[in-house]
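In case you want the letters, here they are:
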Amino acid sequence: MSSTVAWGPSGWRTTETFIFNLQWIKENPRSQFAQKAKKDLSSLPLVLDAWRQILPCGACRESAQGFLERVHVPPNASRIVDVAAAIHELHNLVNDKRNTNGDPTPQHTDFEGWLEHILNRELLDTNSGDYQNAVDAFWNLVLPYALAYEPHETNKVQAMRNFSVYAYLFLPCSIPDANPLSPVCSDMPFKSRWTLFYCLARQSPYYDVQNASTSLLNLLVIFTAAKSTLCTKVGCR
């Protein structure tokens with residue numbers, strides 16, 4: 001089980017990027033990103049459940065499933081404030097559980113301030129800290145899950161396949177072609193070891209730059225097969 005201290009904040013940041021993207025889609029309905037997202041966002045519970053399935057902790061995935069059943073997840077993303085309210089409530093339910101387990105975690109009480117902060121982030125500027133933090137957060141969440149994969153765990157392959165359909169929604173919409181694997185490694189500061197993992201994987205002959213979904217699945221296989229080599233380079237925990 002991967003420690004939530006390592007990936008937990010990144011998991012929440014990906015949901016905040018998702019909320020930001022919903023606002024951008026509303027303001028730019030004719031964009032390529034919005035056109036691609038239109039069908040996927042017609043069933044919001046499936047999107048959030050796909051996100052839940054790749055949390056790098058079995059107990060967290062199980063509890064998140066129960067929490068998602070308790071919050072009012074709207075059927076689609078037509079009202080951004082309703083989507084944000086569901087994620088906000090989910091975050092507070094998780095914090096309640098952490099408090100019960102003796103890990104003091106404050107509640108997010110100012111919903112309007114929280115949402116305003118998210119929507120004002122500089123996620124369209126690829127040179128901004130907000131943008132880089134959002135990209136790093138995505139890989140901080142996804143790659144520990146991939147690295148924990150074992151060949152007999154076919155359910156994880158299916159989970160990664162499910163998430164790969166919606167992965168682009170949890171990354172800044174300014175990424176070219178809404179493709180989570182499109183940044184050029186030489187242009188990316190290595191602010192996290194996960195970014196380095198990703199760039200090393202790009203050198204693999206299995207990497208397919210034209211197909212983000214297939215590439216995410218291939219990353220899972222690549223990281224499993226080359227785990228010892230990669231960990232020697234960047235120091236796995």
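Let us look at the structure shown here. (Residues numbered from 1 in each chain as written. Predicted model: local features only at pLDDT ≥ 70, side-chain atom pairs only at ≥ 80, totals over all residues. Heavy atoms only, no water.)

Side note on the overall build of the chain
Quick reminder of the rule: In DSSP terms, a helix is any run of H or I states spanning at least four residues, a strand is any run of E spanning at least two, and both are numbered starting from the N terminus. Only protein chains enter the accessibility calculation, which uses a 1.4 Å probe. A residue is then buried if its area is under 20% of the maximum for its type, exposed if over 50%, and partly exposed in between. Note on contacts: a residue pair is in contact if any heavy atoms of the two residues lie within 4.5 Å. The Shrake-Rupley method, run with a 1.4 Å probe, gives the accessible areas here. Residue values count only the displayed protein chains as cover.
For the chain, the count of helices and strands is eleven helices and zero strands. For the chain, the sequential pattern of α-helices and β-strands runs α-α-α-α-α-α-α-α-α-α-α. Buried residues in the chain amount to 50% of all 237 residues. Sequence separation of 24 or more characterises 69% of the internal contacts of the chain that already satisfy a separation of 6 or more. Accessible surface computed for the chain: about 11,700 Å², of which carbon and sulfur atoms make up 51%.

Some thoughts on the packing of helix H1 (residues 4-27) against helix H6 (residues 111-119)
To be explicit about the condition: Where helices are involved, their axes are fitted lines through C-alpha atoms of the stretch in contact, as for all axes, and angles between N-to-C directions lie from 0 to 180°. Working definition: roughly parallel below 35 degrees, roughly antiparallel above 145 degrees, roughly perpendicular at 65 to 115 degrees, and oblique for all remaining angles. Put simply, Ala, Val, Leu, Ile, Met, Phe, Trp, Tyr, Cys and Pro go in the nonpolar bin, Asp, Glu, Lys and Arg in the charged bin, and everything else, Gly too, in the polar bin.
Interhelical geometry of H1 versus H6 gives an angle of 75 degrees and a closest axis separation of 9 Å. When the interaxial angle is binned, H1 and H6 end up roughly perpendicular. Between H1 and H6, the contacting residues are Glu16, Ile19, Phe20 and Gln23 on the first element and Trp114, Leu115, Ile118 and Leu119 on the second. The residue inventory of the contact of H1 with H6, partitioned by class, reads six nonpolar, one polar and one charged.

Comments concerning the side chain of Asp40
In this fold, Asp40 is placed in helix H2 (residues 32-40). With sequence-adjacent residues up to four places away left out, Asp40 is seen in contact with Val47, Val165, Tyr166, Tyr168 and Leu169.

Some points on the nonpolar core
Put simply, the test is: Nonpolar cores are built from buried Ala, Val, Leu, Ile, Met, Phe, Trp, Tyr and Cys residues. Side-chain atoms within 4.5 Å join them into one set.
The biggest cluster of nonpolar side chains holds 57 residues, and the ones touching the most others in it are Phe18, Leu169 and Phe170. Mapped onto this core, the elements with two or more residues apiece are H1, H2, helix H3 (44-53), helix H4 (58-70), helix H5 (80-100), H6, helix H7 (129-147) and helix H8 (154-166). Sort the elements by how many residues they give to this core and H7 lands first, with nine residues.

Structural notes on the state of the cysteines
A covalent bond between the sulfur atoms of two cysteines is referred to as a disulfide. Basically, it comes down to this: We call a pair of cysteine sulfur atoms a disulfide whenever their separation is within 2.5 Å.
This model, assessed by the stated rule, comprises one disulfide. Bridging Cys57 to Cys60, the disulfide has an S-S length of 2.4 Å. Its S-S torsion of approximately 75 degrees makes the covalent link between Cys57 and Cys60 right-handed. Residue classification places Cys60 among the buried positions, given a relative accessible area of 18%.

Considerations on the side chain of Ser31
How we decide: Any pair of N or O atoms that falls within 3.5 Å is considered a polar contact. Within protein, one atom must be able to donate a hydrogen and the other to accept it, and sequence-neighbouring residues count only if both atoms are side-chain atoms.
Positionally, Ser31 belongs in the loop between H1 and H2. Looking at Ser31, the relative accessible area reads 16%, which means it is buried. Reaching out from Ser31, the side chain makes a polar contact with the backbone nitrogen of Ala34 at a distance of 3.0 Å.

A short note on H6
As a reminder of what qualifies: By construction, the arc corresponds to the directions joining the helix axis to the C-beta atoms.
Within H6, the full set of buried residues consists of Trp114, Leu115 and Ile118. Buried residues along H6 cover an arc of 95 degrees about the axis, so they all sit on one side. Exposed positions of H6 whose direction lies more than 90 degrees from the buried face are Glu112 and Glu116.

Quick look at the packing of aromatic side chains
To keep it simple, the criterion reads: Each pair of aromatic rings taken from Phe, Tyr and Trp, with Trp reduced to its six-membered ring, is defined by centres within 6.5 Å and is described as stacked if the planes are under 30 degrees apart, edge-to-face if over 60, and tilted in the remaining cases.
Going through the model one piece at a time under the given rule, you end up with seven aromatic pairs. Taking 6.0 Å as the distance between ring centres and 45 degrees as the angle between the ring planes, the aromatic pair formed by Trp12 and Trp51 counts as tilted. On the criterion of sequence distance, the pair formed by Trp12 in helix H1 and Trp51 in helix H3 is long-range, its members being 39 residues apart. Through successive ring pairs, a cluster of aromatic residues spans Phe18, Phe138, Phe163 and Phe170.

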